[in-house]
Amino acid sequence: MIGSTGLYSSQMTRSPSPSHALASWRTEFPTFERTTYLNSCSLGALSRASRRRVERFLDQWEMRGAANWYDTWWGDLDALRQRYAALVGAAPAEIALHPSVSSILGVVASALDTRIRRKVVTTALDFPTLPYQWLPRDVELVVLESPDGISVPLEMFEAAVDDRTALVATSHVYFCSGAIQDIGGLGSIAERRGALSLIDGYQGVGQLPVDVRAAGVDFYCSGGLKWLLGGTGVTFLYARADTTHALRPESTGWFAHREQFAFDPREFTPHEDARRFEAGTPPLLPVVAQLGGLDVLEAVGAEAIRRVTAALTEDLIAGAQAIGRTPTMATTAAERSAIVMLPSADPAAEVARLASAGFITDARPGHVRVSPYFYNIADDHRAMLEVLDHG
Ligand SMILES: Cc1ncc(COP(=O)(O)O)c(C=O)c1O
């Protein structure tokens, strides 16, 4: 889990603001000098910490080129595996780095033996790259329909997962409703039937505290793009050591090789640890941008983030209800994350109108999607709602 280490915080720019406990972090994100950014579930805002690390990386690249690999960049990769591990309560040896969630899913799919257990269970609410991994493969893909378009009850998984199921693959937080799934419940349903569980946590960790061991899931993946403030091109896979150690991906590369620098084309011995799920050279610019994002997140702390974003979310919901835009959302606050879906007859037009007034949001079918983070304050969404209401 993210700790409140205060690491690097002395380098960061902060200013006092009474609106909530974390609002002083806002000045770490220069976008707020020009925009009201409310779209972290698409792309987290750029921090000064990430910019500093990227600029330092560019200097290193220019001055010493590949010489940086051995004394600096290799260490950056190790540091990132360690820090991602700490973020989700895993051991560093259980983390593999990748450029996208899709590439992670492809490697995991290539490691599963689906000849006897032929079933993979996912849902219609998952980000479609999840089912796309399975559609071209020779497996029985079960896509559970959501009764309300918001979430999928555990009982539906319970009924669908059986002793022919290889994998239960679904989201921690649904990208199109913001509903939080009970990943502990999902992990135990899979375990009881002898199946593996894989949680797409791209909309989870960062905005929510995560402890993969407590949840008992076998795989959990996420990355920099959204709530982890690392931008594009850097993701990670948690592979639980005791339940996945026997898996050997068929889709692989030299970063998965234990003797990577032996350059022997006749022999392939995968790493014992989760690096056997890696493939090629990790993209270094995103890696250092992500280290900057983690500098901030570790200093802020996951529990504090959840407290603040839960309050902002409920305030946004109340404001939306007051102007007749009751969000499409889960029933209880505990199941709701900071992804708020405002019904809209023409989301693209409304998002464009908001953008021209300086509010950055996102369009999804039938909805304007708004996602406050710890650097937002209630005035952000209140002002945004006024523009929506009076447009
Ligand atoms: C839940 C979820 N999973 C996956 C993705 C995308 O994954 P990839 O890294 O393959 O682009 C997104 C959005 O970008 C998402 O919201």
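The model shown is predicted, which means the values in this text are computed figures rather than measured ones. (Residues numbered from 1 in each chain as written. Predicted model: local features only at pLDDT ≥ 70, side-chain atom pairs only at ≥ 80, totals over all residues. Heavy atoms only, no water.)

1. Here we look at the overall build of the protein chain
Item 1. Helix and strand counts for the protein chain stand at 12 helices and 12 strands.
Item 2. Against the 2.2 N^0.38 benchmark of 21 Å for 391 residues, the protein chain shows a C-alpha radius of gyration of 21 Å, consistent with a compact globule.
Item 3. With the C-alpha coordinates aligned to their principal axes, the bounding extent of the protein chain is approximately 65 × 55 × 35 Å.
Item 4. Long-range contacts, defined as pairs at least 24 residues apart, comprise 69% of the intrachain contacts of the protein chain with a sequence gap of at least 6.
Item 5. As presented, the protein chain carries roughly 15800 Å² of accessible surface, and 55% of it is formed by carbon and sulfur atoms.
Item 6. Side chains of the protein chain give 35 positive and 45 negative charges; the mean places of these two sets differ by 2 Å. (Helix = DSSP H or I, 4+ residues; strand = E, 2+ residues; numbered from the N terminus. Rg over C-alpha atoms; globule rule 2.2 N^0.38 Å. Contact = heavy atoms within 4.5 Å. Areas by Shrake-Rupley, 256 points an atom, 1.4 Å probe, with all protein chains shown as cover. Lys, Arg positive; Asp, Glu negative; His and termini not counted. Charge placed at Lys NZ, Arg CZ, Asp CG, Glu CD.)

2. Quick notes on the packing of aromatic side chains
Item 1. Tallying each qualifying case throughout the model produces 20 aromatic pairs.
Item 2. When the centroid spacing of 4.8 Å and the interplanar angle of 65° are considered together, the rings of Y373 and F374 count as edge-to-face. For the residue pair Y373 and F374, the accessibility class agrees, reading buried in each case.
Item 3. A network of ring pairs unites the aromatic residues F57, W61, W69, W73, W74, W254, F255, F261 and F263 as a single cluster.
Item 4. One Lys or Arg, R26, reaches over the ring of F32 and ends 4.2 Å from the middle of that ring.
Item 5. Over the ring of Y202 we find K226; its NZ or CZ atom is 5.3 Å from the centre of that ring. (Phe/Tyr/Trp six-rings, centres within 6.5 Å; stacked < 30°, edge-to-face > 60°. Buried < 20%, exposed > 50% of the residue type's maximum accessible area, 1.4 Å probe, protein only. Lys NZ or Arg CZ within 6 Å of the ring centre and 35° of its normal.)

3. Re helix α9 (residues 284-300)
Item 1. Taking 1.5 Å per residue, 17 residues should reach 24 Å; α9 reaches 24 Å between its end C-alpha atoms and fits that length.
Item 2. Backbone geometry just downstream of α9 places G301 in the positive-phi region, at approximately 95°. (Expected span 1.5 Å × (residues − 1).)

4. As for the site of the ligand
Item 1. By nearness alone, every residue bordering the ligand is listed as S100, V101, S102, F127, F175, D200, Y202, Q203, L225 and K226.
Item 2. A distance of 3.0 Å separates an oxygen atom of the ligand from a polar atom in the side chain of K226.
Item 3. Taking 400 Å² as the accessible area of the ligand by itself, protein coverage stands at 85%.
Item 4. When its residues are assigned to classes, the shell around the ligand shows 5 nonpolar, 3 polar and 2 charged. (Near = heavy atom within 4 Å. Polar contact = N/O pair within 3.5 Å; in protein donor to acceptor, adjacent residues only side chain to side chain. Nonpolar A, V, L, I, M, F, W, Y, C, P; charged D, E, K, R; others polar.)

5. Observations concerning the domain arrangement of the protein chain
Item 1. Structurally, the protein chain comprises domain 1 (19-48 + 301-390) and domain 2 (92-282).
Item 2. Here the C-alpha centre of domain 2 lies 28 Å away from the C-alpha centre of domain 1.
Item 3. Of the residues lining the interface, 29 residues belong to domain 1; the matching set on domain 2 comes to 19 residues.
Item 4. Together, the buried faces of domain 1 and domain 2 total about 1800 Å²; carbon and sulfur atoms form 61% of this surface.
Item 5. Summed over the three residues of domain 1 that lose the most area to domain 2, namely S337, I339 and Y373, the buried surface amounts to 24% of that side.
Item 6. Remark: the boundary between domain 1 and domain 2 carries 0 salt bridges.
Item 7. There are 11 residue pairs in polar contact (both at pLDDT 80 or more) connecting domain 1 and domain 2. (Domains from an automatic or database assignment. Buried area = accessible area lost by both parts, 1.4 Å probe. Salt bridge = Lys/Arg side-chain N within 4 Å of Asp/Glu carboxyl O.)

6. Some points on the nonpolar core
Item 1. Counting residues in hydrophobic clusters, the biggest one holds 75 residues, and the most contacted among them are Y84, F157, Y220, F374 and Y375.
Item 2. When residues of this core are assigned to their parent elements, the largest contribution, 9 residues, is made by α9.
Item 3. Shared between two domains, this core takes at least three residues from each, and those domains are domain 1 (19-48 + 301-390) and domain 2 (92-282).
Item 4. In contact with Y220, not counting residues within four places along its chain, are H172, I183, I199, G201, G204, V205, V210, V212, F236, L237 and Y238. (Core = buried A, V, L, I, M, F, W, Y, C linked by side-chain atoms within 4.5 Å.)

7. What about the sheet that holds strand β11 (residues 362-364)?
Within a sheet, adjacent strands bond to each other through the backbone by hydrogen bonds, running parallel or antiparallel.
Item 1. Pairing within the open sheet is antiparallel, and its 3 strands lie in the order β9-β12-β11. On the outer flanks of this sheet lie β9 (340-343) and β11, each paired with one strand and no other. Geometrically, the sheet is characterised by an average inter-axis angle of 35° between neighbouring strands, direction not taken into account.
Item 2. Pairing analysis gives 3 bridges linking β11 to strand β12 (residues 367-370), with the strands arranged antiparallel. Across the sheet, residue R364 finds its bridge partner in β12, namely H367. (Pairing = 2+ DSSP bridges. Axes fitted to C-alpha atoms, helices over the stretch in contact; angles between N-to-C directions.)

8. Some points on the confidence of the model for the protein chain
Item 1. On average, residues of the protein chain score 95 in pLDDT, and 95% of them reach the 70 mark or higher.
Item 2. Confidence drops under pLDDT 50 across residues 1-11; counting only partners more than four residues distant or on other chains, this segment forms 33 contacts.
Item 3. This model gives residues 14-18 a pLDDT under 50, and the stretch forms 7 contacts once residues within four places in sequence are excluded. (pLDDT = per-residue confidence, 0-100.)

9. Some details on the pairing of β12
It is a general feature of regular strands that their side chains alternate between the two faces of the sheet.
Item 1. Across the two faces of β12 the burial is the same, with H367 and R369 and V368 and V370 all buried.
Item 2. In sequence, β11 turns back onto β12 through a hairpin of 2 residues, with G366 there showing a positive phi of about 75°.

10. Focus on the sheet that holds strand β5 (residues 165-171)
Item 1. What the 7 strands build is an open sheet, ordered β2-β8-β7-β6-β5-β3-β4; its pairing is mixed. This sheet does not close on itself; its edge strands, each paired only once, are β2 (95-98) and β4 (140-144). Across the sheet, the axes of successive neighbouring strands diverge by a mean angle of 20°, strand direction being ignored.
Item 2. Here 4 bridges tie β2 to strand β8 (residues 235-239), and the two strands are oriented antiparallel to one another. Residue pairing across strands places I95 opposite Y238, the latter belonging to β8.
Item 3. Contacts from helix α2 (residues 68-88) reach β2, β7 (219-223) and β8, with the element oriented near 120° to β2.

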